[in-house]
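Examination of the molecular architecture
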Amino acid sequence: LNSRQLKEFREALLAWFSQFQRDLPWRHTGDPYRIWVSEVMLQQTRVAAVIPYYERFLARFPDVRALAEAPQEEVLRLWSGLGYYHRARNLQRAAQQIISRHADKFPRTHAEIKELAGIGEYTAAAVSSIAFGERLAVLDGNVARVLARLDAIRGDLREPKRWSGLQARADELLAPERPGDWNQAVMELGATLCTPRSPQCLLCPVQGFCEARKLGLTEGLPEKRKNRAVVSIYLAAAVLVDELGHSLLLPPPGNSNQHRGDDHVPSLVAKLWHFPTASVQSDAETSLKNILDGLYAMKRWSAFRGERLQAVRHTVTYRKIHIAPFLVRVSRLPKLIGARSAPLDELMEQPISNLTRKVARQAAAHLSESKKAE
Ligand code: SF4
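Residues numbered from 1 in each chain as written. Predicted model: local features only at pLDDT ≥ 70, side-chain atom pairs only at ≥ 80, totals over all residues. Heavy atoms only, no water.

1. Things to note about empty space enclosed by the protein
Enumeration over the complete set of coordinates arrives at three cavities of 30 Å³ or more. Roughly 130 Å³ of volume is contained in the largest cavity. The wall of the largest cavity is formed by 15 residues, among which Arg149, Cys194, Cys201, Cys204 and Cys210 lie closest to the centre. Its residues assigned to classes, the lining of the largest cavity comprises 10 nonpolar, three polar and two charged. (1 Å grid on protein atoms, 1.4 Å probe; cavity = no way out; pocket = protein on both sides within 12 Å on 5 of 7 lines; lining within 4 Å. Points joined across faces, edges and corners; volume = space filled by probe spheres on them. Nonpolar A, V, L, I, M, F, W, Y, C, P; charged D, E, K, R; others polar.)

Okay, structure coming up:
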């Protein structure tokens, strides 16, 4: 693009953004803390899913200090259901760093922001450009798709050389007077019109500049990446229920020592509160019996007696998790330091993953069915 075309291109996209941008809660603030929380929540999560979490989170933690000083468990509870919990832990760690290194003031430059826990190139550029007007272009999957179509770029966009070429292109296109609006405008175009499938080119404010459109390649770009092979993981979980109707959750690491027998649970499950869970080697019952033997230190189970619940499936990126859940009625729950026991509906208030929530729901439904049948 020559300088006149570049000017037209920027004006067209910014004018479209001013008129058609979605009304999102984080667009009503210039507070870097709030912008940062929204950016972290939006990683790997859809806008519609993020909004209620964002509002609840900020009602409870309205500023950096409130987040830094909260019990981690509460932070995780308010994150519960959003997934990718390392984001919440890092968010709190970074808030604590802001208190200790920057005397409560959110750092203003990209370089300082990038020093904080869990903040990469993209988030640092987004926060510093939107909150402080720093002239930095963001590049994520969404932006890369738009750029690849505008310039009809073929091949795997994540290849390091191609990715740095895209970053250079994004830097060139950035509107220097309004970097924050510019970044949001490109992202908005990718999220609403220049979508992965069926881009709506007729409504696109920059269709006249788009090489892919000229070449009839909009559907075929970006080219598909080679998919990582899917890994299947087989687990079995025991929802223990005692005579009072109480169940048991084991804590995430850090809350207490790992319990005997619980040390092979994949971290996907054990990062938050979870039911006793076993990796299934041969059959689910034997694997669970071994785990329960470990939890009930004084007693060996002569046989595993569990009522099989409907299988639960859950996909996390390339991992397909299959869980065989069982309801296991016991006279008493094992006494374990750090574990929690309560009725199932109370346990569901703990910071648990979506996977554990699905298992808990199956167990609750099964219990109410069997009560009706009595
Ligand atoms: S014309 Fe179509 S493919 Fe090109 S940038 Fe606009 S929406 Fe994307």
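2. Section: the confidence of the model for the protein
For the protein, per-residue confidence averages 91 on the pLDDT scale, and 95% of positions sit at 70 or higher. Across residues 256-264 the pLDDT falls below 50, and counting only partners more than four positions away or on other chains, this stretch makes 17 contacts in the model. (pLDDT = per-residue confidence, 0-100. Contact = heavy atoms within 4.5 Å.)

3. Notes on the packing of helix H2 (residues 32-42) against helix H8 (residues 121-132)
Running from amino to carboxyl end, H2 crosses H8 at an angle of 145°, the nearest separation of the two axes being 9 Å. Classified by chirality, the crossing of H8 by H2 is right-handed. On the side of H2, the interface is formed by Pro32, Ile35, Trp36, Glu39 and Val40, while H8 contributes Tyr122, Thr123, Ala126, Val127, Ile130, Ala131 and Phe132. (Axes fitted to C-alpha atoms, helices over the stretch in contact; angles between N-to-C directions. Helix = DSSP H or I, 4+ residues; strand = E, 2+ residues; numbered from the N terminus. Left-handed = near helix turned anticlockwise from the far one by under 90°.)

4. Some remarks on the packing of aromatic side chains
A complete count under the given rule lists eight aromatic pairs for this structure. Centre to centre, the rings of Phe9 and Phe209 are 5.2 Å apart; their planes meet at 75°, and the pair counts as edge-to-face. With Phe9 in helix H1 (residues 3-20) and Phe209 in the loop between helix H11 (179-192) and helix H12 (211-215), this residue pair connects regions lying 200 residues apart in the sequence. A single burial state applies to Phe9 and to Phe209, both of which are buried. (Phe/Tyr/Trp six-rings, centres within 6.5 Å; stacked < 30°, edge-to-face > 60°. Buried < 20%, exposed > 50% of the residue type's maximum accessible area, 1.4 Å probe, protein only.)

5. A short note on the nonpolar core
With 39 residues, the main nonpolar core has Tyr33, Trp36, Met41, Phe57, Phe61 and Trp79 as its most contacted residues. When residues of this core are traced back to their parent elements, those giving at least two are H2, helix H3 (47-60), helix H4 (64-69), helix H5 (72-79), helix H6 (86-102) and H8. When sequence neighbours within four positions are dropped, the list of residues in contact with Met41 reads Val50, Tyr53, Tyr54, Phe57, Trp79, Leu82 and Arg87. With 38 residues, the next largest nonpolar core counts Leu14, Trp16, Val186 and Cys204 among its residues. (Core = buried A, V, L, I, M, F, W, Y, C linked by side-chain atoms within 4.5 Å.)

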